[in-house]
Amino acid sequence: MASLIPISQSHAFLKRPNLKPPPPPNFSSSFVLKDFPSSKALSLKLPRMVTRNVVVSATTAEKHRKRYPGEAKGFVEEMRIVAMKLHTRDQAKEGEKEVKQPEERTVKVWEPTVDGYLKFLVDSKLVYDTLEGIIDKAAFSSYAEFRNTGLERSEKLAMDLQWFKDQGYAIPEPSSPGVTYSEYLKELSDKDPQAFICHFYNIYFAHSAGGRMIGKKVAEKILDNKELEFYKWDGDLSQLLQNVRDKLNKVAESWTREEKNHCLEETEKSFKYSGDILRLILS
């Protein structure tokens, strides 16, 4: 590595008339430049310059590390952002999804049927039964964090289906969308905890937001504005959701960046399976 003044230039500099040589380096008051050949002076400077370059490089690399959208607020925010982008612009202002299939279009005329709604409730109950059974069994220790969160829906759905039965309606067996999703969740939960947590988050949080809006529309159309137990929570919902957010963020702290990305990549499948069940309302 060259010094601030190359050796050849420094010699010429010393030979010029009427010019003083540069001041000696500040090693110590007892040392002067003539005590050190130029090569030794360079070797003494080298370690200090190399060390400084290494520190700067490390600091720069940390400063420019890629930050994922929402990362600074916690992993739940990352999941929320990815989920919102999978909505269309008609569904959410953050939506980026382009409509490619007829079933992805926003329903302009909302005409639910009781039979279709019962299919939706039955399949939803199967999915929630599966989720809550997986959490209770806790094949991975992280699942146990999500027991008794107050977001559980299985018992509430059982009450609603009993109400319909009391009104004289026949309760159908679970259909293909619910059975398929249930089996998929079971398979994931035993071998892929990050992917399973993605579905857990999207199912419970979607129901607490858009799910409630859909329930209100259905109640207006076919239930004489009756509010089902499916859309009621014991306690303050916003606080229940925040408690689960905190638990999700805590669990994700132990994940690598690759595991977090794997979880995020599962969001699209979660939307597909849930969407298949949701469309039963209009069947």
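Residues numbered from 1 in each chain as written. Predicted model: local features only at pLDDT ≥ 70, side-chain atom pairs only at ≥ 80, totals over all residues. Heavy atoms only, no water.

- The protein chain has the name heme oxygenase (biliverdin-producing) in an unreviewed UniProt entry, where Hibiscus syriacus is given as its organism.
- Quoted verbatim from the Sequence similarities (unreviewed entry) field of the UniProt record, the comment on the protein chain reads "Belongs to the heme oxygenase family." (UniProt positions renumbered as here; feature names shortened; annotations may be inferred.)

### Some thoughts on helix α4 (residues 114-137)
Piece 1. If you check α4, its first and last C-alpha atoms are 34 Å apart, about what 24 residues at 1.5 Å a residue would give, namely 34 Å.
Piece 2. Counting buried residues in α4 gives 17 out of 24 residues, a clear majority hidden from the surface. (Helix = DSSP H or I, 4+ residues; strand = E, 2+ residues; numbered from the N terminus. Expected span 1.5 Å × (residues − 1). Buried < 20%, exposed > 50% of the residue type's maximum accessible area, 1.4 Å probe, protein only.)

### Quick look at unusual backbone geometry
Piece 1. One non-glycine residue, Ala-138, adopts positive backbone phi at about 55°.
Piece 2. With respect to the element layout, Ala-138 can be found in the loop between α4 and α5 (154-166).
Piece 3. Among the residues examined, Ala-138 registers a relative accessible area of 18% and is labelled buried.
Piece 4. One non-glycine residue, Asp-224, lies in positive phi territory at about 55°.
Piece 5. Here Asp-224 shows up in the loop between α7 (193-222) and α8 (237-252).
Piece 6. Owing to a relative accessible area of 71%, Asp-224 belongs among the exposed residues under this scheme.

### Points about the pattern of salt bridges
Piece 1. Counted under the stated rule, the structure contains 13 salt bridges.
Piece 2. We note a salt bridge from Arg-80 to Glu-77, for which the minimum N-O separation is 3.1 Å. In this pair, Arg-80 and Glu-77 both sit in helix α3 (residues 75-85), three residues apart, roughly one turn of the helix.
Piece 3. A residue is classified by how much of its surface remains accessible, and Glu-77, at 18% relative accessible area, is buried.
Piece 4. Taken together, the salt bridges that share partners define one network made up of Lys-156, Glu-229, Lys-232 and Asp-234. (Salt bridge = Lys/Arg side-chain N within 4 Å of Asp/Glu carboxyl O.)

### A look at the nonpolar core
Piece 1. The biggest cluster of nonpolar side chains holds 57 residues, and the ones touching the most others in it are Tyr-117, Phe-120, Leu-121, Leu-151, Phe-196 and Leu-248.
Piece 2. Looking at this core, the elements with two or more residues in it are α3, α4, α5, α6 (176-191), α7, α8, α9 (257-265) and α10 (267-278).
Piece 3. Among the elements that line this core, the one with the most residues is α7, at twelve residues.
Piece 4. Not counting chain neighbours up to four residues away, the residues in contact with Leu-121 comprise Leu-157, Leu-161, Phe-164, Leu-228 and Phe-230. (Core = buried A, V, L, I, M, F, W, Y, C linked by side-chain atoms within 4.5 Å. Contact = heavy atoms within 4.5 Å.)

### A look at the environment of Phe-196
Piece 1. Turning to its location among the elements, Phe-196 is positioned in helix α7.
Piece 2. When its relative accessible area of 0% is taken as the criterion, Phe-196 is described as buried.
Piece 3. Between the C-alpha atoms of Phe-196 and Leu-185, which are eleven residues apart in sequence, the distance is 6.7 Å.
Piece 4. Apart from residues no more than four positions distant in its own chain, Phe-196 is found in contact with Leu-131, Ile-134, Ile-135, Tyr-143, Leu-185, Leu-188 and Ser-189.

### Notes on the side chain of Arg-153
Piece 1. Secondary-structure assignment places Arg-153 in the loop between α4 and α5.
Piece 2. Within the buried core, Arg-153 has no salt-bridge partner, and the shortest N-O distance to an opposite charge, that of Asp-234, equals 6.3 Å.
Piece 3. Here the side chain of Arg-153 touches Glu-229 through a polar contact of 3.5 Å, landing on its backbone oxygen. (Lys, Arg positive; Asp, Glu negative; His and termini not counted. Polar contact = N/O pair within 3.5 Å; in protein donor to acceptor, adjacent residues only side chain to side chain.)

### Some details on the state of the cysteines
Piece 1. In this structure the tally under the stated criterion is zero disulfides.
Piece 2. Of the cysteine sulfurs around Cys-198, a residue in no disulfide, the closest is that of Cys-263, at 4.7 Å.
Piece 3. Judged by its relative accessible area of 0%, Cys-198 falls in the buried class.
Piece 4. Exposure remark for Cys-263: the relative accessible area of 0% places this residue in the buried category. (Disulfide = S-S within 2.5 Å.)

### Details of α8
Piece 1. The end-to-end C-alpha distance of α8 is 23 Å, a good match for the 22 Å that 16 residues give at a rise of 1.5 Å each.
Piece 2. Among all positions in α8, only Leu-237, Leu-240, Leu-241, Val-244, Leu-248, Asn-249, Val-251 and Ala-252 are buried.
Piece 3. Against the buried residues of α8 lie α3, α7 and α9.

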